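Each chain, written out:
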Amino acid sequence: MLTKKMAELLAYIDKAMKETGTVPSYDEMKAELGLNSKSGVHRLISSLEERGAIRRIPYRARAIEIVEQSVGGLDDTFVIELAKKLSIEQLEEIIAEKRASPKLA
């Protein structure tokens, strides 16, 4: 499960890649998320990679690929948008309901 900041960063990376065709720089990500340092961005990027949400290509700048996934049968973009607006508990409840009732798909 992604934290709210991780979901915000993932949504920002996805949006920036669709708009510009490139991954934003750590400075751009830092500014977008309101973080104080690039090390915070690095920590979030590493966490996203560990959770399988993104893939980094070694030895290349701005080489991040978003891994297509679904959470509980829900589209990633939908889950990211929900994560921005809801608490973790509310989001987990929605996912649990979705898993329990496949008719909602």
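For the structure, see preceding data.
Residues numbered from 1 in each chain as written. Predicted model: local features only at pLDDT ≥ 70, side-chain atom pairs only at ≥ 80, totals over all residues. Heavy atoms only, no water.

K.L.:
I'd like to hear about the overall build of the protein, residue by residue, with values.
P.N.:
Scanning the protein for helices and strands turns up five helices and four strands. The helix and strand sequence of the protein, counted from the amino end, reads α-α-α-β-β-β-β-α-α. The buried share among the 105 residues of the protein stands at 34%. Within the protein, residue pairs in contact and separated by at least 24 positions form 44% of the contacts whose partners lie at least 6 positions apart. Summing over all exposed atoms, the protein offers an accessible surface of approximately 6800 Å²; the carbon and sulfur share of this is 52%. (Helix = DSSP H or I, 4+ residues; strand = E, 2+ residues; numbered from the N terminus. Buried < 20%, exposed > 50% of the residue type's maximum accessible area, 1.4 Å probe, protein only. Contact = heavy atoms within 4.5 Å. Areas by Shrake-Rupley, 256 points an atom, 1.4 Å probe, with all protein chains shown as cover.)

K.L.:
Go over the pattern of salt bridges with me, naming the residues and quoting the values.
P.N.:
Here the structure, examined in full by the defined rule, presents four salt bridges. With a closest N to O distance of 4.0 Å, Lys5 and Glu8 form a salt bridge. Placement of both Lys5 and Glu8 in helix 1 (residues 4–20) is noted, with a separation of three residues, approximately one turn of the helix. Glu49 is paired through a salt bridge with Arg56; the nearest N and O atoms lie 2.8 Å apart. The class for Glu49 is partly exposed, based on a relative accessible area of 31%. (Salt bridge = Lys/Arg side-chain N within 4 Å of Asp/Glu carboxyl O.)

K.L.:
An account of the packing of helix 2 (residues 26–33) against helix 3 (residues 38–50) is needed here, citing residue identities and associated values.
P.N.:
Close contact between helix 2 and helix 3 brings their axes to 9 Å; oriented N to C, the two are set at 95 degrees. Classified by the interaxial angle, the pair formed by helix 2 and helix 3 is roughly perpendicular. Residues Tyr26, Asp27, Met29, Lys30 and Leu33 of helix 2 lie in contact with helix 3, whose contacting residues are Lys38, Val41, His42, Leu44 and Ile45. Here the residues of the contact of helix 2 with helix 3 sort into six nonpolar, one polar and three charged. (Axes fitted to C-alpha atoms, helices over the stretch in contact; angles between N-to-C directions. Parallel < 35°, antiparallel > 145°, perpendicular 65-115°, else oblique. Nonpolar A, V, L, I, M, F, W, Y, C, P; charged D, E, K, R; others polar.)

K.L.:
Break down the environment of Ile66 for me, citing the residues and quoting the values.
P.N.:
The residue Ile66 is located in strand 2 (residues 64–66) in this model. Note on Ile66: relative accessible area 17%, which makes it buried. Residues Ile66 and Ile54 lie twelve residues apart in sequence; the distance between their C-alpha atoms is 4.4 Å. The residues touching Ile66, leaving out its near neighbours within four places in the chain, are Leu10, Ile13, Asp14, Met17, Ala53 and Ile54.

K.L.:
How would you sum up helix 5 (residues 88–100)? Please name residues and give values.
P.N.:
Over its 13 residues, helix 5 extends 18 Å from the first C-alpha to the last, a length consistent with the 18 Å expected when each residue adds 1.5 Å. Leu91, Ile95 and Lys98 are the residues of helix 5 that are buried. Buried positions in helix 5, seen along its axis, are confined to an arc of 60 degrees and lie on one side of it. Among the exposed residues of helix 5, those oriented more than 90 degrees off its buried face are Glu89 and Ala100. (Expected span 1.5 Å × (residues − 1). Arc of directions from axis to C-beta.)

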